[in-house]
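Overview (structure and organization)
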Amino acid sequence: MTKWIDITQAFSNKISTWPGDTPFQFEFAYTKEQTGSVNMGRFTTSVHTGTHADAPFHFDNNAPTIEQLDVNIYIGRAKVVDVIGLESIGREELQVFDLDGVERLLLKTAKTVSVERFPTQIPVLKENIGEFLQEKGIFLVGVDHPSVDALDDKQLPAHHALYRHGVHILENLFLQDVTPGDYELIALPLKIQGADGSPVRAVIRSI
Ligand SMILES: Nc1ccccc1C(=O)C[C@H](N)C(=O)O
Ligand SMILES: [Zn+2]
Ligand SMILES: [Zn+2]
């Protein structure tokens, strides 16, 4: 039996956040010395900081929030493919891979990723990726950077195209040490009522 591999960015007070969004901050509300019994931590964060799932409500007011999504989306077989160096990724770039029977697709787009520095440039997913992934039977796509759309894009064409075609989104996966191939994935969002997304603890195991 192979071991589970952690593909989650570690939360620390140095993890990068979307410019202008709420940074991650962990602190002790009370220490053991203060309470006489226990340390009591608390944290503040944008739900889009670190490794996370987007709920469709993030970009569509009439779409499901995070706790309404089926947990089965986030548990099961996943394929990791190497698309390192591509500036945009869509049907044309993905049709070279054998994706028959694939349900979850994780895109490794960078050789290395800085958890502490917000990227200046990321690859974008093309609008035609939604239709392509749906044709293949893929209902979850994950990327190793903060957005499936360009960082300055307000229309979010890839987010919307993926949603229209029933494809859910994971962002900021930590894939730099992962060899492309077939895996089992667990990346469960927290059950936060009404939320537009949630951090996930993402792990994979080779199959
Ligand atoms: N955190 C933000 C703050 C302001 C505006 C956008 C974002 C995003 O995170 C968008 C990104 N496309 C996302 O889905 O994660
Ligand atoms: Zn997000
Ligand atoms: Zn997103």
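Residues numbered from 1 in each chain as written. Chains lettered and ligands numbered in written order. Predicted model: local features only at pLDDT ≥ 70, side-chain atom pairs only at ≥ 80, totals over all residues. Heavy atoms only, no water.

**Regarding the overall build of the protein chain**
For the record, the criterion: By the criteria applied, helices consist of DSSP H or I runs no shorter than four residues and strands consist of E runs no shorter than two, each listed in order from the N terminus. Both definitions apply: the radius of gyration is a C-alpha atom measure, and the globule rule equals 2.2 Å times residues to the power 0.38. Burial here depends on accessible area, computed with a 1.4 Å probe over protein chains only, as a share of the maximum for the residue type. Under 20% is buried, over 50% is exposed, and the range in between is partly exposed. Residue contacts are counted whenever heavy atoms from the two residues lie within 4.5 Å of one another. Values of accessible area rely on a 1.4 Å probe in the Shrake-Rupley scheme; residue burial ignores everything except the protein chains shown. Counted as positive: Lys and Arg. Counted as negative: Asp and Glu, with His and the chain ends omitted from the count. Charge placement uses NZ in Lys and CZ in Arg. For Asp and Glu, CG and CD serve respectively.
Scanning the protein chain from terminus to terminus reveals 4 helices and 12 strands. Against the compact-globule benchmark of 17 Å for 207 residues, the protein chain has a radius of gyration of 17 Å, which places it among compact chains. Across its three principal directions, the C-alpha atoms of the protein chain cover 60 × 45 × 35 Å. The buried share of the protein chain, reckoned over its 207 residues, is 45%. If you take every contact in the protein chain between residues at least 6 apart in sequence, the share linking residues at least 24 apart comes to 73%. Carbon and sulfur atoms make up 49% of the accessible area of the protein chain, which amounts to about 10,900 Å² in all. Side chains of the protein chain carry 18 positive and 28 negative charges; the gap between the two charge centres is 7 Å.

**Brief notes about the pattern of salt bridges**
Spelled out, the test is: What makes a salt bridge here is a side-chain nitrogen of Lys or Arg within 4 Å of a carboxyl oxygen of Asp or Glu, nothing more.
Tallied over the full model, the rule gives 11 salt bridges. The shortest N-O distance in the salt bridge between Glu131 and Arg91 comes to 3.1 Å. Of the two residues, Glu131 sits in helix H3 (residues 129–136) while Arg91 sits in helix H2 (residues 91–94), which places them 40 residues apart along the sequence. Overall, Glu131 belongs to the partly exposed group, its relative accessible area being 41%. A salt bridge links Glu93 to Lys126; its shortest N-O distance comes to 3.0 Å. Here Lys126 lies in the loop between strand S8 (124–125) and H3 and Glu93 lies in helix H2, a separation of 33 residues in the sequence. Judged by its relative accessible area of 22%, Lys126 is partly exposed. The structure contains a network of salt bridges with shared partners spanning Arg91, Glu131 and Glu135.

**With respect to the coordination of the zinc ion (ligand 2)**
Perfect tetrahedral coordination of a metal by four donors corresponds to 109.5 degrees between them, and perfect octahedral coordination by six donors corresponds to 90 or 180 degrees. Here is the rule we go by: Coordinating donors are taken as N, O and S atoms within 2.8 Å of the metal, stretched to 3.2 Å for Na, K and Ca; because water is absent from the atoms, sites can appear incomplete.
At 2.1 to 2.2 Å from the zinc ion (ligand 2) lie its protein donor atoms, namely His48 (ND1), His52 (NE2), Asp54 (OD) and Glu171 (OE). In this structure, the zinc ion (ligand 2) lies 3.3 Å away from the zinc ion (ligand 3), the two metals sharing Asp54 as a donor. Given a relative accessible area of 0%, His52 falls into the buried group.

**Thoughts on the UniProt feature "active site" (unreviewed entry) in the protein chain**
Keep this limit in mind: UniProt positions are given in the numbering used here, feature names are shortened, and annotations may be inferred rather than shown by experiment. Polar contact is the term for a pair of N or O atoms within 3.5 Å; when the atoms are in protein, one must be able to donate a hydrogen and the other to accept it, and sequence-neighboring residues count only if both atoms are side-chain atoms.
When the UniProt feature table is mapped onto this chain numbering, "active site" (unreviewed entry) sits at His58. The residue His58 is located in the loop between strand S4 (52–54) and strand S5 (75–82) in this model. Sequence-distant contacts of His58, that is, excluding residues within four places in its chain, are made with His48 and Asp196. Engagement of the side chain of His58 in a polar contact is seen with the side chain of His48, the distance being 3.0 Å.

**Notes on the side chain of Asp149**
As for its placement among the helices and strands, Asp149 is situated in the loop between strand S9 (140–143) and helix H4 (157–164). Despite its burial, Asp149 pairs with no opposite charge; the closest candidate is Arg164, at 9.9 Å N-O. Polar contacts involving the side chain of Asp149 include one to the side chain of His159, which spans 2.6 Å. In contact with Asp149, not counting residues within four places along its chain, are Ile122, Val124, Leu156, Pro157, Ala158 and His159.

**Side note on the coordination of the zinc ion (ligand 3)**
Those protein atoms acting as donors to the zinc ion (ligand 3) are Asp54 (OD), His159 (NE2), Glu171 (OE) and Glu171 (OE), and they sit at 1.9 to 2.6 Å. One chain supplies every donor to the zinc ion (ligand 3), and in sequence these donors are spaced D-x104-H-x11-E.

**Re the site of ligand 1**
To keep it simple, the criterion reads: We define proximity as follows: a residue is near a molecule or strand when any one of its heavy atoms falls within 4 Å of that partner. Amino acid classes used here: Ala, Val, Leu, Ile, Met, Phe, Trp, Tyr, Cys and Pro are nonpolar; Asp, Glu, Lys and Arg are charged; the rest, including Gly, are polar.
In the neighbourhood of ligand 1, the contacting residues comprise Trp18, Asp21, His48, His52, Asp54, His58, Pro146, Ser147, His159 and Glu171. Interatomic distance of 3.4 Å between a side-chain N/O atom of His48 and an oxygen atom of ligand 1. At 3.3 Å, a backbone N or O of Pro146 approaches an oxygen atom of ligand 1. Burial of ligand 1 by the protein amounts to 77% of the accessible area it has alone, namely 360 Å². Of the residues that constitute the shell around ligand 1, the class distribution is 2 nonpolar, 5 polar and 3 charged.

**A word on the UniProt feature "binding site: Zn(2+) 1" (unreviewed entry) in the protein chain**
Within this structure's numbering, the places UniProt gives as "binding site: Zn(2+) 1" (unreviewed entry) are His48, His52, Asp54 and Glu171. Spatially, the listed residues are clustered: although they cover 124 residues, their C-alpha atoms lie within 8.1 Å of one another. Assignment of secondary structure puts His48 in the loop between strand S3 (40–44) and S4. Excluding residues that lie within four positions of it along the chain, His48 makes contacts with Asp54, His58, Glu171, Asn172 and Asp196.

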